[in-house]
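# What the coordinates show
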Amino acid sequence: MAAKAESATGAKLKLAPGQPLPADLAKEIDVIIARYDGNPSSLINILHEVQKAVGFLPEPVLTHVAEKLGVSVADVHGVVSFYTLFSMKPKGKHRIAACKGTACYVRGAPRVLERIEKELGVKFGDTTEDAQFSLDIVRCLGACGLGPVAMVGDDVHARLKPDRIPAMLKPYR
Amino acid sequence: MATVKLTVDGVPVEVEAGSTVLKAAEKAGINIPTLCYLEGIHEVGACRVCVVDVGAKALQAACVAPVAEGMKVLTNTPAVRTARKTTVELILSNHPDNCPSCVRNLNCELQALAESLNIRGNRFEGARNEWTPDVSSHSIVRDPNKCILCRRCVSVCEKVQGVQAIGPINRGFNTVIAPAFGELLADSVCVNCGQCILVCPVGALYEKDGIAKTWAALSDPGKHVVVQTAPAVRVALGETQGGEPGEVVTGQMVAGLRRLGFDGVMDTDFTADLTILEEGTELIERLTKGGVLPMITSCSPGWIKFIEHFYPDLLPNLSTCKSPQQMFGALAKTFYAEKKGIDPASIFSVSIMPCTAKKFECERPEMRDSGYQDVDVVLTTRELGRMMKEAGIVLDKLPEEEYDPPMGLTTGAAVIFGATGGVCEAALRTVYEVVTKEPLKDVNFKFCRGLAGVKEAEVDLKGTKVKVAVSHSLSNARKVLDMVRAGNPNGWAFIEVMCCPGGCIGGGGQPIPTNTAIRQKRIDGTYTADERLAIRKSHENPAITAIYKEFLGQPLGHKSHELLHTKYTPRGRYRIRKEKAAD
Ligand code: SF4
Ligand code: SF4
Ligand code: SF4
Ligand code: FES
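Along each chain, residues carry numbers from 1 onward, in the same order as the chain's sequence is written. All chains are assigned letters beginning with A, and all ligands numbers beginning with 1, in the order in which they are written. Per-residue local features are limited, in this predicted model, to residues with pLDDT of at least 70; the limit for side-chain atom pairs, both in listing and counting, is 80 or more; totals at the level of whole chains, interfaces and linings are taken over all residues. Excluding hydrogens and water, the side-chain values take into account all heavy atoms of the structure.

## Brief notes about the overall build of chain B
- Summing up its helical and strand segments, chain B has 18 helices and 17 strands in all.
- Here chain B has a C-alpha radius of gyration of 25 Å; the compact-globule value for 583 residues is 25 Å, and the two agree.
- Principal-axis analysis of the C-alpha atoms places the extent of chain B at approximately 75 × 65 × 60 Å.
- Across the 583 residues of chain B, 59% fall into the buried class.
- Considering only contacts in chain B between residues 6 or more positions apart, those separated by 24 or more positions represent 73%. Secondary structure counts use DSSP, requiring at least four H or I residues in a row for a helix and at least two E residues in a row for a strand, with both numbered from the N terminus. Here the globule rule reads 2.2 Å times residues to the power 0.38, and the radius of gyration is calculated from C-alpha atoms. For every residue, the accessible area (1.4 Å probe, protein chains only) is compared with the maximum for its type, and the residue is labelled buried under 20%, exposed over 50%, or partly exposed between those bounds. Working rule for contacts: check all heavy atoms of both residues, and any pair within 4.5 Å makes them a contact.

## Description of the nonpolar core
Residue and element names in this part refer to chain B.
- Residues belong to one nonpolar core when they are buried, are Ala, Val, Leu, Ile, Met, Phe, Trp, Tyr or Cys, and are joined through side-chain atoms within 4.5 Å. In this structure, Val-88, Leu-110, Val-163, Trp-303 and Phe-306 are the most contacted members of the largest nonpolar core, which totals 62 residues.
- Counting residues per element, the ones that place at least two in this core are helix 2 (78–93), helix 3 (109–116), helix 4 (152–160), helix 5 (195–199), helix 9 (301–310), helix 15 (474–485) and strand 17 (494–498).
- For Phe-306, the contacting residues outside a window of four places in its chain are Gln-161, Gly-162, Val-163, Val-191, Tyr-311, Leu-474, Arg-478 and Leu-481.

## Things to note about helix 15 of chain B
All names here are of chain B.
- Between its first and last C-alpha atoms helix 15 spans 16 Å; for twelve residues at 1.5 Å apiece the expected length is 16 Å, and the two agree.
- Regarding helix 15, the residues found buried are Leu-474, Ser-475, Asn-476, Ala-477, Val-480, Leu-481 and Val-484.
- In the segment just after helix 15, Gly-487 is the residue with positive phi, at about 95°. Working rule for helices: expected span equals 1.5 Å times residues minus one.

## Digging into the site of ligand 2
- Every residue close to ligand 2 is listed here: Ile140(B), Cys157(B), Val163(B), Ile166(B), Cys190(B), Val191(B), Asn192(B), Cys193(B), Gly194(B) and Cys196(B).
- Classifying every residue of the shell around ligand 2 by side-chain character gives eight nonpolar, two polar and no charged. Throughout this document, a residue counts as near a molecule or strand when at least one of its heavy atoms sits within 4 Å of that molecule or strand. In this classification, Asp, Glu, Lys and Arg are treated as charged, Ala, Val, Leu, Ile, Met, Phe, Trp, Tyr, Cys and Pro as nonpolar, and every other residue, Gly included, as polar.

## Quick look at the interface of chain B and chain A
- Contact residues are listed per partner, giving 16 residues for chain B and 19 residues for chain A.
- Accessible-area loss on putting two parts together, using a 1.4 Å probe and summing over both, is the definition of buried area adopted here. Buried surface at the junction of chain B and chain A, summed over both partners, amounts to about 1600 Å²; 60% is from carbon and sulfur atoms.
- Looking at the side of chain B facing chain A, the largest losses of area belong to Arg171(B), Phe181(B) and Tyr574(B), adding up to 41% of the total buried there.
- Whenever Lys or Arg places a side-chain nitrogen within 4 Å of a carboxyl oxygen from Asp or Glu, that contact is recorded as a salt bridge. Along the contact surface separating chain B from chain A lie one salt bridge.
- With its nearest N and O atoms 2.9 Å apart, the salt bridge here joins Glu67(A) to Arg573(B).

## Considering the site of ligand 1
- Taken together, the neighbourhood of ligand 1 is formed by His95(B), Pro96(B), Asn98(B), Cys99(B), Cys102(B), Arg104(B), Asn105(B), Cys108(B), Gln111(B), Lys146(B), Val202(B) and Gly203(B).
- In terms of residue class, the shell around ligand 1 is built from five nonpolar, five polar and two charged.

## Describing the confidence of the model for chain B
Residue and element names in this part refer to chain B.
- Each residue carries a pLDDT value, the predictor's own confidence for that position, ranging from 0 to 100. When pLDDT is averaged along chain B, the result is 96; 99% of the residues meet or exceed 70.
- Considering only residues more than four positions removed or in separate chains, one finds that residues 577–583, a stretch of pLDDT under 50, has six contacts.
- Both confidence scores are given for the complex: pTM 0.92, ipTM 0.86.

## Examining the domain arrangement of chain B
Residues and elements named next belong to chain B.
- Each domain span listed reflects an automatic or database assignment of domains. Domain parsing of chain B yields domain 1 (3–92), domain 2 (129–207) and domain 3 (211–564).
- Counting residues at the interface gives 19 residues for domain 2 and 29 residues for domain 3.
- In total, domain 2 and domain 3 occlude about 1800 Å² of area from one another, counting both sides; carbon and sulfur atoms represent 56% of this.
- Among the residues domain 2 hides against domain 3, the three largest losses belong to His-138, Leu-198 and Glu-207. Together they make up 34% of the total.
- Taken together, the connections running from domain 2 to domain 3 amount to two salt bridges.
- Counted as a polar contact is a pair of N or O atoms within 3.5 Å, where, for protein atoms, one must be capable of donating a hydrogen and the other of accepting one, and residues adjacent in sequence contribute only when both atoms are in side chains. Applying the counting criterion to the domain 2 and domain 3 interface returns 19 residue pairs in polar contact (both at pLDDT 80 or more).

## Digging into the sheet that holds strand 17 of chain B
Residue and element names in this part refer to chain B.
- Taken together, four strands build an open sheet; the order of strands is 12-17-16-15 and the sheet is mixed. Unpaired on one side and paired on the other, strand 12 (295–296) and strand 15 (454–461) mark the two borders of the sheet.
- Looking at chain direction, strand 12 and strand 17 are connected through two bridges and run parallel. Following the sheet pairing, Met-295 is matched in strand 17 by Phe-494.
- Its contacts with the sheet put helix 15 on strand 12, strand 15, strand 16 (464–472) and strand 17, and the angle it makes with strand 16 is roughly 145°. A pair of strands counts as paired when DSSP detects no fewer than two bridges linking them. In this analysis an axis means a line fitted to C-alpha atoms, helices contributing only their contacting stretch, and an angle means the value between N-to-C directions, from 0 to 180 degrees.

## As for the domain arrangement of chain A
- The domain architecture assigned to chain A consists of domain 1 (2–82) and domain 2 (94–172).
- For domain 1 of chain A and domain 2 of chain A, the distance between their C-alpha centres works out to 28 Å.

## Brief notes about the environment of Ile505(B)
Residues and elements named next belong to chain B.
- Secondary-structure assignment places Ile-505 in the loop between strand 17 and helix 16 (516–532).
- Looking at Ile-505, the relative accessible area reads 0%, which means it is buried.
- In the structure, Ile-505 is positioned 281 residues away from His-224 in sequence and 29 Å away in space, judged by C-alpha atoms.
- Those residues in contact with Ile-505 that lie beyond four places of it in its chain are Ala-232, Val-235, Gly-418, Ala-419, Gln-510, Arg-519, Arg-522, Ile-523 and Thr-526.

## Quick look at the packing of helix 2 of chain B against helix 3 of chain B
Residues and elements named next belong to chain B.
- Orientation of helix 2 relative to helix 3, taken along the N-to-C sense of each, is 135°, at an axis distance of 10 Å. Classed by the angle they form, the pair helix 2 and helix 3 counts as oblique. The handedness of the crossing between helix 2 and helix 3 is left-handed. Of the residues in helix 3, those touching helix 2 at Val-88, Ile-91 and Leu-92 are Leu-110, Leu-113 and Ala-114.
- Residue composition of the contact of helix 2 with helix 3, grouped by class: six nonpolar, no polar and no charged. An angle below 35 degrees is read as roughly parallel, one above 145 as roughly antiparallel, one from 65 to 115 as roughly perpendicular, and any other as oblique. Crossing handedness is read from the near helix: turned anticlockwise from the far helix by less than a right angle, it gives a left-handed crossing, and turned clockwise, a right-handed one.

## Section: a nonpolar patch on the surface
- Together, Ile44(A), Phe82(A), Tyr83(A) and Leu85(A) make up a nonpolar patch on the protein surface, roughly 320 Å² of accessible area in all.
- Among the secondary structure elements, Ile44(A) is positioned in helix 3 (residues 43–54). Each patch groups residues whose relative accessible area exceeds 30% and which form no salt bridge, using 9 Å between like charges and 5 Å between nonpolar side chains of Val, Leu, Ile, Met, Phe, Trp and Tyr. For every accessible area listed, the method is Shrake-Rupley and the probe measures 1.4 Å; residues are considered covered only by the protein chains on display.

## Remarks on the pairing of strand 16 of chain B
All names here are of chain B.
- Judged from the eight bridges that link them, strand 15 and strand 16 form a sheet pairing that is antiparallel. Paired with Glu-458 across the two strands is Lys-467, which belongs to strand 16.
- The turn joining strand 15 and strand 16, which pair antiparallel and follow one another in sequence, is formed by two residues; a positive phi near 50° is taken by Lys-462.
- Sheet topology note: the strand 16/strand 17 ladder contains five bridges and is parallel. Looking at strand 17, one finds that His-472 is bridged to Met-498.
- You can see the chain leave strand 16, run along helix 15 and come back into strand 17, and the turn it takes is right-handed. Convention used here: a crossover is right-handed provided that the path from the first strand, over the helix, to the second strand proceeds clockwise when the strands point away from the viewer.

Okay, structure coming up:
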């Protein structure tokens, strides 16, 4: 449900850098900021809630948050780019979280990741053109014995091999 | 005051409670190496080059670790030496090995540190970042490949200048210091002040080169190359050749410029005097005819870009006077060309400035009132030092020479433009005498001087009381502007704002290091130069009287408006995307 709302907003938004925010979205963000009394030290919490509401944190959203909190865009962007939990790009309908932790790595994760990128035609950190898949690297999913591991949405896929990737993706296409 | 007793390498010291171990060691006469630490501005304990043994489980960063009663600090144990070396080797493992061609070669804190830690190789070899240097700005080049991520630049930009143009982006190995969203410096709110260059320990930040164009013009027989020198250069240029900060080298500098091949060696001080006449008259007009008050000075281009970005509503308060550099530029290709009978198209106009923002200023589209770009190239004090070095010019060995007419005669009032408070003091010397028609008993307005952030006073022009304020560094400008926005409760009529701490003598184009102690010495040198000059008031400069008679007419007259005054551009605080938004 949340995922659907996200991609819907994301697709509708198409917010390019430097563009003004639509008024209704600005108002939604202002309500969140007001809940934290516009306190700049709540920046991370505010960003978290705004991301939940909007789906992602495009530049005009961050500029708006900076303006309202009276902090610099350099600060806000610094925080957003530091934490992997924040994303400036819209997320796809299906989120692929592939593990590149030590155990998965030695069990062949790099080649698996490469194959996923090849199949979907985008790099990790990005979202496919059709907004169906977004690719994230994670550091450990707690299933080291089953590595290499990837999650597609809430489904865990274990013991992956490069030539098993098309089959893994098929049900979500 | 509570004190704490401790020993550093066995040397007993007593320091104030709450001091850092670094301060205690300093007092004990023991040197602890530092890299990220910048007193009063950046004290975060990030690089861990300064680690020491305080008897705790882990080594502590001396620049942030507080002292404790009875503490036994050891600064030279095998563990300490190894830790420091490892830290620096790790930094160097992601650092280009090209000291010989680096702008900071022989003046680099990292290089000096590697040398003093006796590093003779590197055990670590790993991935190296490959960033594209940002050369978009007219003033500042950022080369992240040499950046060691100490973040001093971020702190100075935020705390001293209140601009916050840059910050760290990403994390870990991918961290880079840049304007928000990785935009180019030229598209950001950066005001080009160069204060970040002054604090950068390495060659990651430097001025946009003007030397190549200058050499080219100097060796072009078809060009008549004129040069102007800003007030603050003469008290700092000596430092580029190992001289004392604040030593006044005006005469040797003039001689050196002639030897470099400049055809006309003149002085920005001349147009500083002219600024006083124009700006003083403008102030008297605003006071008597009900113009916008307080009137704020406009000589400092970093300050101008700052107010355009952050306080555009106060632009009507700015004096319309161009900076002395740009007044000089406009006159060089009109008045000077006419007087010398030279085609202005063949004049190449160079200025030597303590400032990186002047490089941006001379490229502003409105700075072409002569019909040409008024100032062609701006060189920083550092760049002039480099040119002289390249040409084998040793200032100490040169005779003192005089500037060329007709824009070479100057006064003490113009010299003090280089220090915070100087413009205000120079203006008062003239405004007082013009308004009261009486000579000043004492030309020294001492309240204007010194490094206090905001200075204020009331001046009595024989019945007319005028309140003035002086500020330097943009964080202090913010304080003053916020007061003006709040209705100017202190009733200021005139405000001097200089962008850089200490004024132009502490500008972003000055020799490195530039710190508070060195700023103070350059200020002292400035007032010494003032006292040595026979004429100390702008309106008594005979060359100024002559240019009004021969060319300009009168202050604020038609010609002045055409050549010496300007307009400002309100700018946003956020990036305006130029390319079409992607769909
Ligand atoms: S920044 Fe310093 S250490 Fe690095 S290349 Fe330049 S001089 Fe050498
Ligand atoms: S030049 Fe000045 S405004 Fe620009 S980044 Fe450096 S310190 Fe900040
Ligand atoms: S650019 Fe210079 S001052 Fe800024 S973080 Fe890098 S090394 Fe430090
Ligand atoms: S100088 Fe102390 S941690 Fe960098």
